[in-house]
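# Structural overview for review
One letter stands for each residue in the lines below.
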Amino acid sequence: MVGCAKREGRGKRGAWAAPAGVLGGRPRGEPLCLPSGPQRPPLPQLMRFMLLFSRQGKLRLQKWYLATSDKERKKMVRELMQVVLARKPKMCSFLEWRDLKVVYKRYASLYFCCAIEGQDNELITLELIHRYVELLDKYFGSVCELDIIFNFEKAYFILDEFLMGGDVQDTSKKSVLKAIEQADLLQEEDESPRSVLEEMGLA
Amino acid sequence: MGWSRNLETYFGKVRMVAPSLKLQDLIEEIRGAKTQAQEREVIQKECAHIRASFRDGDPVHRHRQLAKLLYVHMLGYPAHFGQMECLKLIASSRFTDKRVGYLGAMLLLDERHDAHLLITNSIKNDLSQGIQPVQGLALCTLSTMGSAEMCRDLAPEVEKLLLQPSPYVRKKAILTAVHMIRKVPELSSVFLPPCVHLLHERHHGILLGTITLITELCERSPAALRHFRKVVPQLVQILRTLVTTGYSTEHSISGVSDPFLQVQILRLLRILGRNHEESSETMNDLLAQVGAGRRALVATNTDTSRNAGNAVLFETVLTIMDIRSAAGLRVLAVNILGRFLLNSDRNIRYVALTSLLRLVQSDHSAVQRHRPTVVDCLQETDASLSRRALELSLALVNSSNVRAMMQELQAFLESCPPDLRADCASGILLAAERFAPTKRWHIDTILHVLTTAGTHVRDDAVANLTQLIGGAQELHAYSVRRLYNALAEDISQQPLVQVAAWCIGEYGDLLLEGNCEEIEPLQVDEEEVLALLEKVLQSHMSLPATRGYALTALMKLSTRLQGDNNRIRQVVSIYKSCLDVELQQRAVEYDTLFRKYDHMRAAILEKMPLVERDGPQADEEAKESKAAAQLSEAVPAPTEPQASQLLDLLDLLDGASGDAQHPPPLDPSPGGALVYLLDLPCAPPPPAPIPDLKVFEREGVQLNLSFIRPPENPALLLITATATNSSEGDVTDFICQAAVPKSLQLQMQAPSGNTVPARGGLPITQLFRILNPNKAPVRLKLRLTYNHFHQSVQEIFEVNNLPVESWQ
């Protein structure tokens, strides 16, 4: 019988009051407990944002799926970076931050971080992150942080072919990469010789 | 000087004419900056160029300028002046421009800016112009930053695209619809109809999007939920096909067919099957198949850390637990979680612990089977895992495993990280209180906790222990010896010191007697005892409350010990001038006892009677002397009623009339404060008892409610629910839940158990505390679930006929 006194009897997810927990409800830091007893319905799922940042705390990509002000974004990014960078290597990939679940994984010098609400299955989010890394890897050929720094807009384009509104669009790597390829081709067709002359100021 | 200035101007002019920096070159330059200040300088210079370029309206390089701006924006620099450029780029016909323009819109524009509405028209055009990558860009942008207004405007376009032949555009349109519904729930009526048809698609992207869309619709509207229940068989079929034959290897990860799609289907099934027998039944077989089938896969695979497969398995478990699944299926689910606990992957252990925590109440016996594995998880190096393991372990303690579990938990307490100490300590104490097999074991356990983690225990631990020891008369000698030994070793753990001091004071005579079969005989000298208490008094580690305990203990020893009391009198005398007011007052009172009231001293310092801890009233037959001794323990008063008794006393001193209880008139006598200590309020007259109420009966299982209203707190109603069983079959897994109208507050304590044996076996009792400050009529809605005669019973009913005395 466990329950957090803070959440007792609030009746938000149903009117039934659960008996007080064995641990007598002294919430500290990371919430000790989760609502127990009869299952609550899964909350509407939403990925709030995805971040990529380096070990030195430099942001390399930020994709926000919920409208947030610039000021608020900066604050959240700063805070979350601090929390994630403080994690030791042997700790698990999931943590609870504010009212969100954060799933993160480190690939070489880059941290990939997703903040999710309403998602009970953290394992599939890990799979999602891994798929994105694989896509980057296929596209850049053994991707490293420098690739993402110098081609940040490409990283965004690839992400936007994989996820939309925080949900997976296509589960086939081949399909996603083909779409990027086609878009890149279309971009190249645009670049006619004319623009080179323009560059030199000769047109 | 003039020369260098000319150079500057010359080079400056040249710079203006030269082509603008390429994106990659800028990035190179920024990274080359050695200091923050240098970086800022480079960026500010470049931004000036970009601004100028925007002003000049250069269409050729606009996309490059914006890209550079987006880069510096990511580094944290302002980029608002690029917003309008996004619009221009989006409106351009070049794909390069659109690509960067839309990216800029997603990064720089959001619904807070009025400018965002201006792209609505461009999006509308791009959606209908038929070049797929362009349509894709438009849809993606709409789903990322589309405001409610934009969504309303563009819903018809998106709806059209749902019917397009190209799967590329359709899958994106579906997910855009998801976003639109999130922003404008009324649009559900537009996007609901196409769903059922879309489910027949074979394209994974479209299927996935459709299922996501249906999930979103169902989560937001009960009507949609009911509507989509009819697709449960179809979903089951899709999933079954995925699991058995697999649609295509293109979508597989580590041999698992499209785990993303599987998980999404399972999630939708979960939502559709909740509280719905029929749907749940349709899913049962499939879930069993997925659950068991995956098990086989995991078993044969040497590398069990396949996250994709485990993700699907986990979602299956979550679904099983949430729908009305068969008992066997639930056990399967718990067993899968149990095996997750053995997985070498930390993440999998984490989700297993988290889920088991949610299930421990409803599926207690199934989770119990995995207790040894859970206990092993206490050794986890990751704090979030060990924390969950701790909670789960505590929840699994019951009367049959309490000894073994406490051993493990106490071992854990000794080595656990500091932030878990407090919770571990209070958990152990609470569990000990509920399941202690013997009083001696209980005392030993508390003692051990106090010595190991004394500083982390909760405030009422001291009161609980003194209460416990006080009530176990046969263990007084044992307790006082053990406490004395513990105190002699270490006087820094305050709760331990307090309890030890109290005990030594109360049972000092037993300590000196020297014979106790349970411990090695210890010859304790009177002087040693006094010296130890004095040490506590003088130690800078002792809190004021602790010193209070020590002083009082010394005082009590004056009647327990054989020797003369000079030493004690001396100490008491010293503290008469102590700076701490509380100590000073005590010392003065005790000193007065010695000097003027010595004939009463023995009576006053007699052994304390057992105090009722949870009862609302104190001893009614408290003799004057005993009650005085009780009152001199004012500081450790653990319970509300005692404190309020003290308040009554203060009322007396102030001359106020207090509440309904009428204390006896005071004899005015000299001695000031001491007299008032001796004059006691008599116990308040017990209120007329409220009649019990039988609220439920079924096949010999009865639930009775009994009521108590503590007189000093008229807003509080204590209800004890008692479940009895006069039938021939046991009642197991009994859970009672209650709800009250909003004007009341309900707090439930843990029940005494969840089994009522047949033929009048030990009933289950559970205490409800209801706060009713407005004296509203109390109504209860109760929900009982239990197993009886191999059937699971669920009863929900209202109780409206509570006796009027319970709330008026």
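For the structure, see preceding data.
What this report covers is the structure whose coordinates are included nearby. By convention here, each chain's residues receive numbers from 1 onward along its written sequence. Here chains are named by letter from A upward and ligands by number from 1 upward, in the order in which they appear as written. The model is predicted, so local features are restricted to residues of pLDDT at least 70 and side-chain atom pairs to those at 80 or more, both for listing and for counting; the totals for chains, interfaces and linings are taken over all residues. Only hydrogens and water are set aside; all other atoms, that is, all heavy atoms of the structure, feed into the side-chain values.

Here the focus is the state of the cysteines. Residue and element names in this part refer to chain B. Any two cysteine sulfur atoms lying within 2.5 Å of each other are counted as a disulfide. According to the stated counting rule, one finds 0 disulfides over all chains in the structure shown. With no disulfide of its own, C86 has C47 as its nearest cysteine by sulfur position, at a separation of 14 Å. Looking at the unpaired C195, the closest cysteine sulfur is the one in C218, lying at 8.7 Å. For C195, a relative accessible area of 0% translates into the label buried. Whether a residue is buried, partly exposed or exposed follows from its accessible area with a 1.4 Å probe, protein chains only, as a fraction of its type maximum: under 20%, in between, or over 50%, in that order.

Contacts are residue-level and defined by heavy atoms, with any inter-residue pair within 4.5 Å sufficient. Taken residue by residue, the interface counts 107 residues in chain B and 92 residues in chain A. Throughout, the accessible surface (probe 1.4 Å) given up by two parts as they are put together, summed over both, is called the buried area. Between chain B and chain A lies a buried interface of about 9,300 Å² when both sides are counted; carbon and sulfur atoms form 56% of it. When a carboxyl oxygen of Asp or Glu lies within 4 Å of a side-chain nitrogen of Lys or Arg, that pair is called a salt bridge. Taken together, chain B and chain A are joined by 7 salt bridges. Of the charged contacts in the structure, one is a salt bridge between D184 of chain A and R99 of chain B, with a shortest N-O distance of 2.8 Å. Nitrogen and oxygen atoms within 3.5 Å of one another constitute a polar contact, given that in protein one can donate a hydrogen and the other can accept it, and given that sequence-neighbouring residues count only through two side-chain atoms. Inspection of the chain B/chain A interface yields 26 residue pairs in polar contact (both at pLDDT 80 or more). Basically, the charged four are Asp, Glu, Lys and Arg, the nonpolar ten are Ala, Val, Leu, Ile, Met, Phe, Trp, Tyr, Cys and Pro, and anything else, Gly included, counts as polar. Among the residues making up the side of chain B that touches chain A, the classes are represented as 50 nonpolar, 24 polar and 33 charged.

It is worth spelling out the sheet that holds strand β10 (residues 791-799) of chain B at this point. The strands that make up a sheet are held in pairs by hydrogen bonds between backbone atoms, and each pair lies either parallel or antiparallel. All names here are of chain B. Spatially, 3 strands are ordered β6-β9-β10 in an open sheet, and the strand pairing comes out antiparallel. Looking along the sheet, the strands with just one partner apiece sit at the ends: β6 (731-739) and β10. The sheet shows a mean angle of 15° between the axes of neighbouring strands, taken without regard to direction. DSSP bridges decide pairing: two strands pair if at least two such bridges lie between them. Segments assigned H or I by DSSP are reported as helices when at least four residues long, segments assigned E as strands when at least two residues long, and all are numbered from the N terminus. Bridge count for strand β9 (residues 780-788) against β10 is 9 bridges, and the pairing is antiparallel. By the bridge assignment, R783 is partnered in β10 with I796. For helices, the axis comes from a line fit to the C-alpha atoms of the stretch in contact; other axes are also lines fit to C-alpha atoms, and the angle between any two N-to-C directions lies between 0 and 180 degrees.

Glancing now at a positive patch on the surface. All names here are of chain A. Each patch is built from salt-bridge-free residues with over 30% relative accessible area, joining like charges within 9 Å and nonpolar side chains (Val, Leu, Ile, Met, Phe, Trp, Tyr) within 5 Å. Note on areas: these come from Shrake-Rupley sampling with a 1.4 Å probe, and a residue is covered only by the protein chains present in the view. Lys and Arg are tallied as positive, Asp and Glu as negative. Neither His nor the chain termini are counted. Each charge is placed at NZ for Lys, CZ for Arg, CG for Asp and CD for Glu. A surface patch of positive charge is lined by K71, K74, K75 and R78. Within the secondary structure, K75 sits in helix α1 (residues 70-85). Using a relative accessible area of 41% as the deciding quantity, one classes K75 as partly exposed.

This next bit is on the pairing of strand β5 (residues 110-117) of chain A. All names here are of chain A. The element β5 is extensively covered by neighbouring structure, given that 7 of its 8 residues are classed as buried. Note that strand β1 (residues 46-54) and β5 share 8 bridges and pair antiparallel. Residue M47 lies in a different strand from β5, and its bridge partner there is I116. Pairing geometry for strand β4 (residues 100-107) and β5, over 7 bridges, is antiparallel. What sits directly across from Y104, in β5, is C113. The antiparallel pairing of β4 with β5 creates a hairpin that spans 2 residues between the two strands, and A108 there sits at a positive phi of about 55°.

This brings us to the sheet that holds strand β4 (residues 701-708) of chain B. All names here are of chain B. An order of β3-β4-β5-β8-β7 is seen for the 5 strands of this open sheet, with the pairing classed as antiparallel. The strands lining the two open edges of the sheet, one partner per strand, are β3 (693-698) and β7 (745-748). The average angle at which neighbouring strand axes cross in this sheet is 20°, direction not considered.

A word on the nonpolar core. Nonpolar side chains in soluble globular proteins generally cluster together in the buried interior. Within this scheme, the nonpolar core is defined by two criteria: the residues are buried Ala, Val, Leu, Ile, Met, Phe, Trp, Tyr or Cys, and they are joined through side-chain atoms within 4.5 Å. The biggest cluster of nonpolar side chains holds 277 residues, and the ones touching the most others in it are Y132 of chain A together with F191 and F228 of chain B. For this core, the element with the most residues is helix α29 (residues 494-513) of chain B, which contributes 12 residues. Every residue in contact with Y132 of chain A, bar those within four places of it in the chain, is listed here: M50, L52, L61, F112, A155, I158, L159 and F162 of chain A. Ranked by size, the runner-up nonpolar core spans 34 residues in total, among them C736, Y786, F797 and L802 of chain B.

Attention now goes to empty space enclosed by the protein. Over the atoms, a rolled probe matching the size of one water molecule traces out where space is still vacant. In the cavity and pocket records, a cavity denotes points on a 1 Å grid over the protein atoms alone where a 1.4 Å probe fits but cannot get out, a pocket denotes an open set with protein on both sides within 12 Å along at least 5 of 7 lines, and lining residues are residues with an atom within 4 Å of a point. Grid points are joined across faces, edges and corners, and a volume is the space filled by probe spheres set on the points. Enumeration according to the criterion identifies 14 cavities of 30 Å³ or more in this entry. Size it by volume and the largest cavity reaches roughly 250 Å³. As for the largest cavity, its lining consists of 17 residues, and the residues nearest its centre are Q45, Q119, L128 and V168 of chain A together with Q264 of chain B. Counting residues per element, the ones that place at least two in the lining of the largest cavity are β1, α2 (122-140) and β7 (167-168) of chain A together with α13 (204-220) and α16 (259-273) of chain B. It is α16 of chain B that contributes the most residues to the lining of the largest cavity, 4 residues altogether. Looking at side-chain class alone, the lining of the largest cavity contains 9 nonpolar, 6 polar and 2 charged residues.

Take helix α3 (residues 36-56) of chain B next. Residues and elements named next belong to chain B. Working rule for helices: expected span equals 1.5 Å times residues minus one. With 21 residues, α3 should reach 30 Å at 1.5 Å per residue; the first-to-last C-alpha distance of 30 Å fits that figure. Burial in α3 covers these residues: E39, V42, I43, E46, C47, I50, S53 and F54. Take α3 and look down its axis: the buried residues cluster within an arc of 135°, on one side only. Opposite the buried face of α3, at more than 90 degrees from it, the exposed residues are E41, Q44, R55 and D56. Remark: G57 follows α3 within two positions and exhibits a positive phi of approximately 75°. This arc corresponds to the set of directions leading from the helix axis out to the C-beta atoms.

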